[in-house]
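Residues per chain are reported as follows:
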Amino acid sequence: MSLVTSQFDPSGQYFASVIVSLDSHVLRVQSSTSSTATNSSTSQSFSTVFPLPKGLKVLNISWVPNTINGSYNHSLKKQRLASTSLENQLISIVLENSNLIYIYSPSVNEVLKTVKVTSKLSLFKHNLNKFWGLDLANQLFEFDEGFELINTVHLNDYLNESFDNVQFKNFKHLSKKQVILSSNSLYLLDDKTIEHLNSNHINEVEEIKLINNDKYVLTYTKNDRFINCLDLEKNSLVKIYVTENSILKVDYFKNEEFKLDMLVALTDDGKIEIFNDPLSISNDKQNSAASKYSKRKNVKKSVSSNYKINVSRPIDQLAENLVFEDLKLDNKHLVLTWLENSSIPFFHHLEWWNNSADGSKIYSINQNVQLFKEKPNLKPFQNLQHGHDVASAKHYNESHAIISSGDNLRDLQKNEEDEEEEEELSLAEKLQLQNKEDNVANGSIKHKKRTNAGTLTVVLVQALKSNDHSLLETVLNNRDESIIRNTIYKMDSSYAVKLIDRLSERISRNGNRQLNLNFWVKNILIYHGNYLIHNMSDKSNLNSLISVLNAKSKNLNRLMELRAKIGMVTDILEMKRDMAKVLDEEPEEEEIEENVEYIEELDDAGLLDGEDDADMDDLSDVEEQDEEDGENMEVDVDGDTDDEDDDQYSDVDEYDEKLKDIVAAEKGEDQDQSVLAKVKQIKMSK
Amino acid sequence: MTVSANDWKFGFNAGGKILPEGELISPDGKFSLVLFKSQIRVFSLSTRQSVRSIKVNDLSDVVDTAFSKLNSSAIYLFTKTNKIITINWKDRVANPIIKEKTLKFSTTPFGSLLKFLKMDATEESFYFITGKQASNAQKIYTRYIVKTGTGQNVVELANVKNAIIFNHSINRNRIVFFTTKNTLHYAEFINDDEQIELHTVNFQFKTQVTSLAITSGDDTIIAAGTSSGIIQIVYVHDQTRPQRLLKWHIDQVKALSFNHDDNYLLSGGLEKVLCFWNLESDKQQFLPRLSGTIEKIILQEENEDLYGIYTKLNDDSDFEYIVLNAVDLVSRLNVNGVRAKFASSVEWVTKDKKRLRKQQFNLDNDNNTKVKHDFTADFLVHDISKLVYAPSGSYLQAYDVAKNEQSFVTAIAPTIQAGKVRSETLIQDPTIEHFAFSSDGKWMCTFDSLSTPELDDLMSANDIKYSLKFWMFVDNLNGKSLESGHWELTTKIIDPHGLGVPICEIHPSPTSYHEGHAFVTADINGNLRLWKPKFPKKVFRDLGHATSNKKLQQTAWTLRKIRRGTGKLETGAVSISWSPDSSLIALAQDTSITLVDADTFDDIEDITLPSLAGSRIRSLNIVDNNLIIVAKNRIVSFNLLTFASNELSVKVNTPIGAKRLISVDHERNLICLGVNYYTSTYESASRIFVLTPDNLKPVYIANHMSPISSITYSSAHSGFVLLDILSNIGYLTCSVGNIFTQEETEEAKAFEINTLLSNAKQMATVKQYNNKSDSMDVDIDDELSHKLLNATIFEPVLENVENLPIEALFERVMRVI
């Protein structure tokens, strides 16, 4: 049992439970009604969770009326009315390891008051408009509405020697003076004397319930199967209710209006046992039988349960052990609770009486009840989904999808009749096809005559007929154009489509071989084009060829553009070079004439390796190199490969720069500008 | 049999856009309040759901908000019109506005409220930063720190001249300013907030400062984010300590904030990454892949473990508000408005108004519908999940109208999740151009385009890659998660209409055609292509099930039929319509209409339609036997069987995206048409007409005060769903089943006219309809106040009720009523 302790409020509308969460005790108060309204989902309408300070352990809790804030009303009737609303109720929390009593208000989710007592209490509850506490030393404390201690009764003083070492664990007020006290047995404190009542248990009494206008007392203990019902007046046991397993909790309710009463017990195997009409004397049938086995007198009065209630998962769901944790009986309903996910209480409301056909009220639980509860979705929201924050956009995986292209015409339909591709051919259609094939066969006799055994055509047809790819490969490996032409020429047209399919498959797979294979395609189109046009009105059959050709031709425009651009650049270059040559020749001659003075003496002296000459040499070197570059470039352009073109570009640019620099260096600015102007002029005219 | 306006229900109740100001997280950390234009929405941080919405007239003036410390159910709104509005956000009351007070600002030089700083214990006096409203981020103004209250005079505590930007510390005790002289100033409250101490801080200016933050603890540190991405840390309390530079961002730092104990600095910018700088250990942490660029990081004093973040999702000022848990950096809440991509942005509504007012433009019957801008947006309802879908960029947003919140956003095309900085902004994401749902909602077809970035002078620079995608709806049947199903890509077709040919319209097939599992696409050349799913053969499906091999079970969409256009005409004005009996497809190109046999995909050549449109056709619809043509300046209805024009023919100017403004209810043969127009005060407004194909008199007219962006019919809602320019979603539903009997069509048959007559008639009808609609206005206003309630109206209320608090349920009911 994962609940430390639990308690329904007097109206049965709210359920307080203490669970251990993260090593500290947590008090949770929930509305029990909401789960019937929405059925099967967690009760969101009211739920507070109050974690107690670490280390504090809860012994028991009890619902008490709210006497703080002056909302407490002394009139008993009004009190009952008021007690149904949560604001008017508090929960007293008795701690196991502290002298403090917490008075907690579920409506504000706060501890309103802590009551400090001198010794450790074992119980704190509300009886007869007062608050009472019982400690381990048999002291009964009386508190007023403000939880102030007003009186202490030392119960030990009233004990006579016959029951000396009794330690009282529970109490219940009959009246101001009369208190029923319990340890293993029941005692009655009447004013100042304590007398022993005739009801004994093996263990300490768990709870004392006054029933039948306070005439009877119901007591039970944990780990025992008996519920004693004691007549206070006669001081004798009226009945003993026997359950099949040890009892955890018991509730009794009498509907005064219809004179129906019921006793329910929760046993430690998590089942509910029902005693309909427990106080009636007539239902003693089985007891007489039981009495035979027992000699004890009071066993005569023992009653076993009528029916049982069980909860489990639906059969189709994973089996899981569900046990009831607490129960509450009220006017109309039996409220049962069990834990989902070992921590969240869920509720079920069961009507324990209903209208019979003749209008009288009858017990509605008249057989064993099996409740089926589906596993609820306890994750009403998730902040993460598969490690993916829900706030972020969802992404998709393209790798799972089929990717196709707009020019895939394979599934193209002619019209509606073709729709059912998968349908088998009807007999008539098959017949028609047969005839067609015959016709083709007849018609092709002529062609067959034309082909000679051992020619490539025969091999090709064989390869196509038998789907022999390796054989086909040997045929297609022929590179001689005239052989290809002749082979295609001699081939029967009916194989053209198949061959085209095979060819386009190969072309699309291996782009490098295309040159060779293109001959095949070309020749098929030449010699069998007529056949294809007339018989292949359905485009889908030539689909693969279409897509291959599309893919091939896709880049043509771009390549042409590139080629034109490169051509233009080389043209400009060439022109520039020509211009430079023309310009260089004239001024250079002049320059040499102007600047260079030949002095025989110097030459003779071997002093003529001057700077000017060196410059001249450099320049001519560069020019020579450039010419070489230019030639190379033209070759490359013819080769039209994409990648190298870019490199070419940059070379050209570099060259251009160089040229400009040199010209500028040589001729000074004026001339440079004139050259540029000329170049521009030529560009314009072009 | 006529229908009174009572039977129609019209209202805009959902949607809207987030305002970028005024978000709050309640002091107990349980709720978050987000401002929309006309409502405050309260979200529960534990369930991520909207638990309440408080209707307030107009919140676009609000500059800041604050919780009252005295009354836990009150919040204060501060507006730029210097008002303090007290609102009860917790309780359900008839009038949530508790108090509305105007501050005495009119005679002072302090301008208007910019930022709320704090209030005193009695909550009578408030401290503000005031000044002129900045129209853009880098403008220079004088900023004042003032103390004021109702009935109190404004007390100036300090002022900073030439301030460009400012920010306050988390506890709002310090305010830091950056001024034009490239200096930093900070102000600090002293003497029980009675005085302000103003300091100037020495600091080495590098580049333009774009964001600021200041610590709230004892050690004063200022962080300044710059446009170059460097964050400068200035230690004010210890002048000997050299300035520090934090380098990670590579573009503008837009938001900065210290955390509560000043150990961490949070920063964000264009990278869509939230950075955490541990100032002591110099360690960094990152939260990448946020949905947009980070505009604001909000830390509230009361909540140490919750960070609010505003991200800007696109250029159209669509924001998302995220609340992050500081412990695990997982979102606790994300709030989105409806994120539709409008053809022209909402700003033009006011700009147009200004322009027209300036010109004193004379509006008459001919040109009052000549709205200059196209305010339409793509928007559809998915009938299975009842979500509305709006594409924006490469994302598709699904919005739950019943819950009034975004359900999910899904990427439709591969995108880079990282933010773009500097030259990366040239790289464009793919954009969704068109999308459509099959009539049963099980399939979705999207068309997106991706243009090549102009990074280098490449020949491929003008290339646009197109792809058509087919998505299967995977319903969330077992209820394991709360999401309402998702889309799974089944087939992607690259260049569906050939290389570089864009598709102009995707049209789903009617239900009568293969259960509606087909789409037809039309491109700019008038080519039509029919796409249908090719289900795997049963043998493979079984095998796939047995071996759980998904590849074998996959459905491929393939091209089935082609109609080749003439190739003579290349126009973007292409529209198609498929008759409900699936036999006929009408194709409009520019001004001409071609009828195509849906079976053979060949043109029907023996029938030539008369020239009906007269201008460029925006949209075609086949309703019953009638062809409804929306052209640039008229709307005509033509009966294809009698081959005569119907009575319905109206002169009206329509925008380019007019096909989004007309929608057809094929069950009841009703047409819903939205028309945007200028009112006499130059406001942009709209009128929605519900028409039958053969009658000029509208069945119903509704008025709306802002331009309509999209109308779509939803069989799930059994009515029309509308979207306006302010991103509000509305419904137009009718509770009566059969609107008209057949008798009236007899009259229409007798209505035979030639073109001349029809022109004359049109002119007459324009006047008629203007008069009529004017007189009708009064009726409608009266009648709108009564509402007809029946069970179907409440249906959306009961959706997704699980996990919904009872208050929220009531709210839904109230919304419906």
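This one's a predicted model, so the numbers in the text were calculated from it and none came from an experiment. (Residues numbered from 1 in each chain as written. Chains lettered and ligands numbered in written order. Predicted model: local features only at pLDDT ≥ 70, side-chain atom pairs only at ≥ 80, totals over all residues. Heavy atoms only, no water.)

Caption draft 1: Expanded view of the overall build of chain A. The number of helices and strands found in chain A is 14 helices and 34 strands. Put simply, chain A has 686 residues, and 41% of those count as buried. For chain A, the accessible area works out to roughly 38,800 Å², and carbon and sulfur atoms hold 48% of it. (Helix = DSSP H or I, 4+ residues; strand = E, 2+ residues; numbered from the N terminus. Buried < 20%, exposed > 50% of the residue type's maximum accessible area, 1.4 Å probe, protein only. Areas by Shrake-Rupley, 256 points an atom, 1.4 Å probe, with all protein chains shown as cover.)

Caption draft 2: Broad picture of the overall build of chain B. Secondary structure assignment for chain B yields 6 helices and 54 strands. Put simply, chain B has 817 residues, and 57% of those count as buried. Sequence-distant contacts in chain B: of pairs separated by 6 or more residues, those separated by 24 or more amount to 50%. Looking at chain B as shown, the accessible area adds up to about 34,600 Å², and 50% of this sits on carbon and sulfur atoms. (Contact = heavy atoms within 4.5 Å.)

Caption draft 3: Structural detail: the sheet that holds strand β18 (residues 216-221) of chain A. Residue and element names in this part refer to chain A. Taken together, 5 strands build an open sheet; the order of strands is β17-β18-β19-β20-β24 and the sheet is mixed. In this open sheet, the two strands that pair with only one neighbour each are β17 (205-211) and β24 (302-304). Neighbour-to-neighbour, the strand axes of this sheet turn through a mean angle of 20°, independent of strand direction. Of the strand pairs in this sheet, strand β19 (residues 226-231) and strand β20 (residues 236-242) are connected by 6 bridges, and their pairing is antiparallel. Note on β20: the bridge partner recorded for Phe226 is Val242. (Pairing = 2+ DSSP bridges. Axes fitted to C-alpha atoms, helices over the stretch in contact; angles between N-to-C directions.)

Caption draft 4: Seen up close, the confidence of the model for chain B. Residue and element names in this part refer to chain B. Model confidence for chain B is summarised by a mean pLDDT of 83, while 87% of its residues fall at 70 or above. Ranking the helices and strands of chain B by mean pLDDT puts strand β21 (residues 253-258) first, with 94, and helix α4 (residues 743-749) last, with 42. Taken as a whole, residues 771-787 scores under 50 in pLDDT and shows 13 contacts with residues more than four places along the chain or in a different chain. Overall fold confidence (pTM) sits at 0.68, and the ipTM for the predicted complex is 0.74. (pLDDT = per-residue confidence, 0-100.)

Caption draft 5: Looking closely at the pattern of salt bridges. Taken as a whole and judged by the stated rule, the model has 34 salt bridges over all chains. One salt bridge connects Lys296 of chain B with Glu21 of chain B, and the closest N-O pair in it is separated by 3.3 Å. Pair noted here: Lys296 of chain B is in strand β25 (residues 293-299) and Glu21 of chain B is in the loop between β1 (8-15) and β2 (24-25), with a separation of 275 residues, a long-range link. Taking the relative accessible area as the measure of exposure, Glu21 of chain B reaches 31% and is therefore partly exposed. The salt bridge involving Arg174 of chain B is made with Glu188 of chain B; its shortest N-O contact spans 3.0 Å. Placement of the pair is Arg174 of chain B in strand β14 (residues 174-179) and Glu188 of chain B in strand β15 (residues 184-190), with a sequence separation of 14 residues. Glu188 of chain B matches Arg174 of chain B in its accessibility class, with the two residues each being buried. Taken together, the shared-partner salt bridges connect Glu207, Lys209 and Asp251 of chain A into one network. (Salt bridge = Lys/Arg side-chain N within 4 Å of Asp/Glu carboxyl O.)

Caption draft 6: Local environment of the pairing of β1 of chain B. All names here are of chain B. The element β1 is largely enclosed, with a buried count of 7 among its 8 residues. Relative to strand β54 (residues 728-734), β1 runs antiparallel, the two sharing 7 bridges. Bridging across to β54, Phe10 finds its partner in Leu732.

Caption draft 7: Local environment of the environment of Leu468 of chain B. Following the sequence through the fold, Leu468 of chain B ends up in strand β35 (residues 464-474). Sequence separation between Leu468 of chain B and Ile432 of chain B is 36 residues, and the spatial gap between their C-alpha atoms is 9.8 Å.

Caption draft 8: Quick peek at the packing of helix α6 (residues 469-476) of chain A against helix α8 (residues 496-509) of chain A. Residues and elements named next belong to chain A. Running from N to C, α6 and α8 point in directions that differ by 80°, and their axes come no closer than 12 Å. Regarding the angle of α6 to α8, the classification is roughly perpendicular. Of the residues in α8, those touching α6 at His469, Leu472, Glu473 and Leu476 are Leu499, Arg502, Leu503 and Arg506. A breakdown of the residues in the contact of α6 with α8 according to their chemical character gives 4 nonpolar, 1 polar and 3 charged. (Parallel < 35°, antiparallel > 145°, perpendicular 65-115°, else oblique. Nonpolar A, V, L, I, M, F, W, Y, C, P; charged D, E, K, R; others polar.)

Caption draft 9: Structural detail: the packing of aromatic side chains. All names here are of chain B. Under the defined criterion, the tally for this structure stands at 52 aromatic pairs over all chains. Three or more aromatic residues joined by ring pairs make a cluster, and in this case those are Tyr389, Phe408, Phe435, Phe437, Phe473 and Trp487. When the ring centre of Phe36 is taken as reference, the NZ or CZ atom of Arg41 above it lies at 4.6 Å. In this structure, Lys118 is placed above the aromatic ring of Phe189, and the distance from its NZ or CZ to the ring centre is 4.6 Å. (Phe/Tyr/Trp six-rings, centres within 6.5 Å; stacked < 30°, edge-to-face > 60°. Lys NZ or Arg CZ within 6 Å of the ring centre and 35° of its normal.)

Caption draft 10: How the structure looks around the environment of Ser680 of chain B. With respect to the helices, strands and loops of the structure, Ser680 of chain B is situated in the loop between β49 (670-678) and β50 (684-691). Along the chain, Ser680 of chain B and Leu363 of chain B lie 317 residues apart, while their C-alpha atoms are 7.1 Å from each other.

Caption draft 11: Representation of the side chain of Ser577 of chain B. Residues and elements named next belong to chain B. Within the element layout of this structure, Ser577 appears in strand β41 (residues 574-578). Here Ser577 falls in the buried class, since its relative accessible area comes to 3%. A polar side-chain atom of Ser577 sits 2.9 Å from the main-chain amide nitrogen of Ile622. Those residues in contact with Ser577 that lie beyond four places of it in its chain are His507, Leu584, Ile585, Ala586, Leu620, Asn621 and Ile622. (Polar contact = N/O pair within 3.5 Å; in protein donor to acceptor, adjacent residues only side chain to side chain.)

Caption draft 12: Main features of the pairing of strand β12 (residues 141-149) of chain B. Residues and elements named next belong to chain B. The buried fraction of β12 is high, at 8 of 9 residues. By the bridge criterion, 6 bridges tie strand β11 (residues 125-131) to β12 in an arrangement that is antiparallel. Bridging from a neighbouring strand, Ser125 pairs with Gly149 of β12. Pairing of β12 with strand β13 (residues 155-168), which is carried by 6 bridges, proceeds in the antiparallel orientation. Following the sheet pairing, Val146 is matched in β13 by Glu156. Hairpin connection from β12 to β13: 5 residues lie between these consecutive antiparallel strands, with Gly151 at a positive phi of about 75°.

Caption draft 13: View of unusual backbone geometry. All names here are of chain B. With a phi close to 65°, Asn82 is a non-glycine residue in the positive phi region. Examined against the element boundaries, Asn82 turns out to sit in the loop between β7 (74-79) and β8 (83-88). Of note, the phi angle at Phe643 is positive, near 60°, even though the residue is not glycine. Turning to its location among the elements, Phe643 is positioned in the loop between β46 (634-639) and β47 (644-651). Relative accessible area serves as the criterion here: at 35%, Phe643 is assigned to the partly exposed category.

Caption draft 14: Here's a closer look at a negative patch on the surface. Together, Asp261, Glu280, Glu304 and Asp305 of chain B make up a negatively charged patch on the protein surface. Structurally, Glu304 of chain B is set in the loop between β25 and β26 (306-312). (Patch = residues over 30% accessible without salt bridge, like charges linked within 9 Å, V, L, I, M, F, W, Y side chains within 5 Å. Lys, Arg positive; Asp, Glu negative; His and termini not counted. Charge placed at Lys NZ, Arg CZ, Asp CG, Glu CD.)

Caption draft 15: Examining the confidence of the model for chain A more closely. Residues and elements named next belong to chain A. Residues with a pLDDT of 70 or more make up 70% of chain A, whose mean pLDDT is 74. Segment residues 283-299: pLDDT under 50, and 12 contacts once partners within four positions in sequence are set aside and those in other chains are kept. Segment residues 417-423: pLDDT under 50, and 7 contacts once partners within four positions in sequence are set aside and those in other chains are kept.

Caption draft 16: How the structure looks around helix α10 (residues 543-554) of chain A. The end-to-end C-alpha separation of α10 of chain A is 16 Å, in line with the 16 Å expected for 12 residues at 1.5 Å each. Asn543, Ser544, Leu545 and Val548 of chain A are the residues of α10 of chain A that are buried. (Expected span 1.5 Å × (residues − 1).)

Caption draft 17: Seen up close, the sheet that holds strand β14 (residues 178-182) of chain A. All names here are of chain A. Pairing in this open sheet of 4 strands is antiparallel, and the strands run β13-β14-β15-β16 from one edge to the other. Only two strands of the sheet have a single partner each, and these edge strands are β13 (170-173) and β16 (193-200). In this sheet, neighbouring strand axes are inclined to one another by 25° on average, regardless of whether the strands run parallel or antiparallel. Strand direction decides the pairing type here: strand β15 (residues 185-190) and β16, joined by 5 bridges, are antiparallel. By the bridge assignment for β16, Tyr187 is matched with His196.

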